[in-house]
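Overview (structure and organization)
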Amino acid sequence: MQPSHLRIGHQSKMEKDYLIPASESILLEHGLSVDNHQGEKLEELVVVHLVKLLLKEVNLLQYCTSLKFCTLADNYITDIRALQPCVHLVKLDLHGNQIQNLPGMEFWRHLKDLKLLYLHNNRIGNVRNVEFLSTCPALLGLTLYDTPLSLQKNYRHIVVNSIWSLKALDHFVISDEEIIEDWTLHGGFKALSPDLQLNMLLAPSKEIFSVQSETKDTSKIITKINCVLAASSPVLIVQKWIRGYLVRRRMGYVEHSPIGFMFVWSGLRK
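Residues numbered from 1 in each chain as written. Predicted model: local features only at pLDDT ≥ 70, side-chain atom pairs only at ≥ 80, totals over all residues. Heavy atoms only, no water.

**With respect to the packing of aromatic side chains**
By the definition in use, this model includes one aromatic pair. Centre to centre, the rings of Phe-107 and Trp-108 are 4.7 Å apart; their planes meet at 75°, and the pair counts as edge-to-face. A single burial state applies to Phe-107 and to Trp-108, both of which are buried. (Phe/Tyr/Trp six-rings, centres within 6.5 Å; stacked < 30°, edge-to-face > 60°. Buried < 20%, exposed > 50% of the residue type's maximum accessible area, 1.4 Å probe, protein only.)

The structure is reproduced here in structure tokens:
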């Protein structure tokens, strides 16, 4: 009988032998152009959906320069630098891979349209990766749970206060309490309150996989994040009240009075 360490090494080698690169034919087979047809060229692809295909690398994605929705979940990918030319990305799903280190600041700085990024169930452990993500200008929703990083002390505080555009992290919309130092809130306003809970991973759409279904699902998640914030953020509630008050005052419907504002503010502080 073989020693256990030899059997494990042999098994690992067999697993690696099954891993494949994302070839042009695979990308075209699992991608769609803007008119929902299978693309004939990589630069035509707007959607790519490569899930559980035993992929070890995705270097050819550098030619998918029109890509907006990219799902590479549950593979064996370690390096995503090939995505740097994909500057139109809106949603990028990389969960369930073997990523340990993210590309640097320049990579994320160029992804100006990226709103949703899924990185959970990877090997990311170094807090420097959060620093890299801080340059992604429009990022609204991020998942990093089930990573070594998520086990670190003050994990949420570090992420929330590093990525200023972020509105939702993992399973919760970000509370004002997590942003404003030494501000303690209660009830539905409190950090990690059930009222702030959110599922950023929608169940697979019943619609036929298409550019429209990807757009709809992404929009649905972003709308949900904003709706939860509108109801659970004291700062946004006060801002909304003030804007409404100023409009009514400008139109002559109300007289100048700070009483209403003080009433709303005191109610939120209870």
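**Things to note about the pairing of strand E3 (residues 45-49)**
With four of five residues buried, E3 lies mostly within the body of the structure. Here three bridges tie strand E2 (residues 31-33) to E3, and the two strands are oriented antiparallel to one another. Directly across from Leu-32, in E3, lies its bridge partner Val-47. Here E3 runs beside strand E5 (residues 69-71); their pairing, made up of three bridges, is parallel. Paired with His-49 across the bridge in E5 is Thr-71. (Helix = DSSP H or I, 4+ residues; strand = E, 2+ residues; numbered from the N terminus. Pairing = 2+ DSSP bridges.)

**Looking at helix H7 (residues 211-232)**
In this model H7 runs 32 Å from its N-terminal to its C-terminal C-alpha over 22 residues, within 8% of the 32 Å that 1.5 Å per residue would give. Listed in full, the buried residues belonging to H7 are Val-211, Ser-213, Glu-214, Asp-217, Thr-218, Ile-221, Ile-222, Ile-225, Val-228, Leu-229 and Ser-232. For H7, the N-terminal cap is Ser-210; the gap from its side-chain oxygen to the backbone nitrogen of Gln-212 is 3.4 Å. (Expected span 1.5 Å × (residues − 1). Polar contact = N/O pair within 3.5 Å; in protein donor to acceptor, adjacent residues only side chain to side chain.)

**Quick word on the nonpolar core**
By size, the foremost hydrophobic cluster in this structure holds 46 residues, and its most contacted members are Leu-83, Trp-108, Leu-117 and Leu-142. Of all the secondary-structure elements, those providing two or more residues to this core are helix H2 (24-29), E3, helix H3 (105-109), helix H4 (128-133) and helix H5 (155-160). Look past the residues within four positions of Leu-83 in its chain and what remains in contact with it is Leu-61, Leu-67, Cys-70, Leu-72, Leu-89, Leu-92 and Phe-107. Ala-168, Leu-196, Met-200 and Ile-225 belong to the second largest nonpolar core, which has 14 residues in total. (Core = buried A, V, L, I, M, F, W, Y, C linked by side-chain atoms within 4.5 Å. Contact = heavy atoms within 4.5 Å.)

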